[in-house]
Amino acid sequence: TLRSLLEPVPPQGLPFPRIRGPNTSDRVCIVGAGPAGVHMALSLKRRGYSNLTIYEKSNRVGGMSFDINYRGVPQHMGTNLADPNYFDNLIPLAQEYGAGDLVKIPTANVWASNSGSQPGSQLLTSQYILGSLVALTNSSSPQVNLGFLIQNVVRYVRLHKELFGSYSGDLMLQPSARVMVRLRGTILDFLTRENLLALVPIFKLSITQPGYGYLDETPALYGLIWNNPKLLIALALRALKKDEDPMSVYILGNGYENVWKRVVEKEG
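Residues numbered from 1 in each chain as written. Predicted model: local features only at pLDDT ≥ 70, side-chain atom pairs only at ≥ 80, totals over all residues. Heavy atoms only, no water.

### What about the nonpolar core?
What counts, and what does not: To define a nonpolar core, start from buried Ala, Val, Leu, Ile, Met, Phe, Trp, Tyr and Cys residues and group those joined through side-chain atoms within 4.5 Å. Summary of the burial criterion: residues with accessible area below 20% of their type's maximum are buried, those above 50% are exposed, and those between are partly exposed, where the area comes from a 1.4 Å probe applied to protein chains only. Secondary structure elements are defined from DSSP: runs of H or I of at least 4 residues count as helices, runs of E of at least 2 residues count as strands, and each element is numbered from the N terminus.
If you look at the biggest cluster of nonpolar residues, it comprises 41 residues, and the most contacted ones within it are Leu149, Val153, Leu163, Phe190, Leu199, Ile202 and Phe203. For this core, the secondary-structure elements that each account for two or more residues are helix H3 (125–132), helix H5 (142–164), helix H7 (187–193), helix H8 (200–208), helix H9 (220–226) and helix H10 (229–239). In terms of nonpolar packing, the next biggest core, distinct from the first, is built from 17 residues, Ala33, Ile91, Tyr250 and Leu252 among them.

Now the structure itself:
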């Protein structure tokens, strides 16, 4: 039922201005050999551009996709996960260049207090999320809280599509002034106004836990860019142990830096 919410709808918002690019015969300089620079060079090469130069200040390729190899195992220092949206871009590219060794990340557990040794502190993700809803539902029934969570996920996805429609990539079209007023304040402000507080524990896991910010400090628009419908549904399914490919969260077993190194080596 949740997957059916991903049917595409027309994009909403104002189109960004189109900027005339270079001719295929022009010399093109790309600054930075990180993922964006390498992918831009590859995209231009595939469109017939042949005079391409990437300038990089360091002695390595990969930018923020930086892995330290320790005892034969890549340790991800920058890029560290792939969500369902990556099946539209990075994962096919990694597989094309022989670096698409996809591994599903085990569901994280939660300490409810500052001590994992405190009784009752160590929780499964599902216990943490459903337990957080007791104050909203006035019920300790897992079935009641599960139904309440799913209702909120459905409403959030529908609201996200109402505000932005469907779009490719990370950025929606430029939101209208009316939509920006609705997005005013922090993520927590937005969830409160829209009566979506059941999603607070999921947003804590997707934004606060990896270090992107607290929900009462981070702008609402950033929260909605990051927590797009595919990611939110995947996180909900993971919490319920119902995640199946591609609706889960993954890592590349041989690292992310490896993808960009292989592209540069193969494409010259």
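Anyway, onward from the coordinates.
### Observations concerning helix H1 (residues 35–46)
Where we set the bar: Expected helix span is given by 1.5 Å per residue-to-residue step, counting one fewer step than there are residues. Contacts: residue pairs with any heavy atoms within 4.5 Å of one another.
Taking 1.5 Å per residue as the helical rise, H1 with its 12 residues ought to reach 16 Å, and the 16 Å between its terminal C-alpha atoms agrees with that figure. The set of residues buried in H1 consists of Gly37, Val38, Ala41, Leu42, Ser43 and Leu44. Buried positions along H1 lie against strand S1 (28–31), strand S2 (52–55), helix H2 (90–96) and helix H11 (257–267). Phi turns positive one or two residues past the end of H1, at Gly48, with a value near 100°.

### Some remarks on H3
Here H3 has its buried residues at Thr125, Ser126, Tyr128, Ile129 and Leu130. Check the buried side of H3 and you find it contacts strand S6 (110–111), strand S7 (122–123), helix H4 (134–137), H5, H8 and H10.

### Looking at the pairing of strand S3 (residues 67–70)
Put simply, the test is: Only when DSSP finds a minimum of two bridges between them are two strands counted as paired.
Where S3 lies against strand S4 (residues 73–76), 4 bridges are found, and the strand directions are antiparallel. Counted as the bridge partner of Asp67 is His76 from S4. Counting the residues that bridge the hairpin from S3 to S4 gives 2 residues, and of these Arg71 lies at a positive phi of roughly 55°.

### Considering the pattern of salt bridges
Note the following rule: A pair is scored as a salt bridge if a Lys or Arg side-chain nitrogen falls within 4 Å of a carboxyl oxygen belonging to Asp or Glu.
Overall, the coordinates contain 9 salt bridges when judged by the stated rule. The partner of Asp243 in a salt bridge is Lys104, and the shortest N-O contact between them spans 3.9 Å. One end of the pair, Asp243, is in the loop between H10 and strand S8 (250–252); the other, Lys104, is in strand S5 (residues 102–104), and 139 residues separate them in sequence. The buried category is assigned to Asp243, whose relative accessible area is 13%. The class of Lys104 is partly exposed, set by a relative accessible area of 37%. Note that Lys261 and Glu257 form a salt bridge whose closest N and O atoms lie 3.8 Å from each other. Within this pair, Lys261 and its partner Glu257 are both found in helix H11, separated by 4 residues, close to a single helical turn. With a relative accessible area of 37%, Lys261 lands in the partly exposed category.

### Some words on the pairing of S2
Here S1 pairs with S2 via 4 bridges, running parallel. Residue Cys29 lies in a different strand from S2, and its bridge partner there is Thr53.

### What about the side chain of Ser43?
The line we're drawing: Throughout this description, a polar contact denotes any pair of N or O atoms lying within 3.5 Å of each other; where both atoms belong to protein, one of them has to be capable of donating a hydrogen while the other can accept it, and for residues adjacent in sequence the pair is counted only when both atoms sit in side chains.
Here Ser43 lies in helix H1. Among the polar contacts listed, one links the side chain of Ser43 to the backbone oxygen of His39, at a separation of 2.8 Å.

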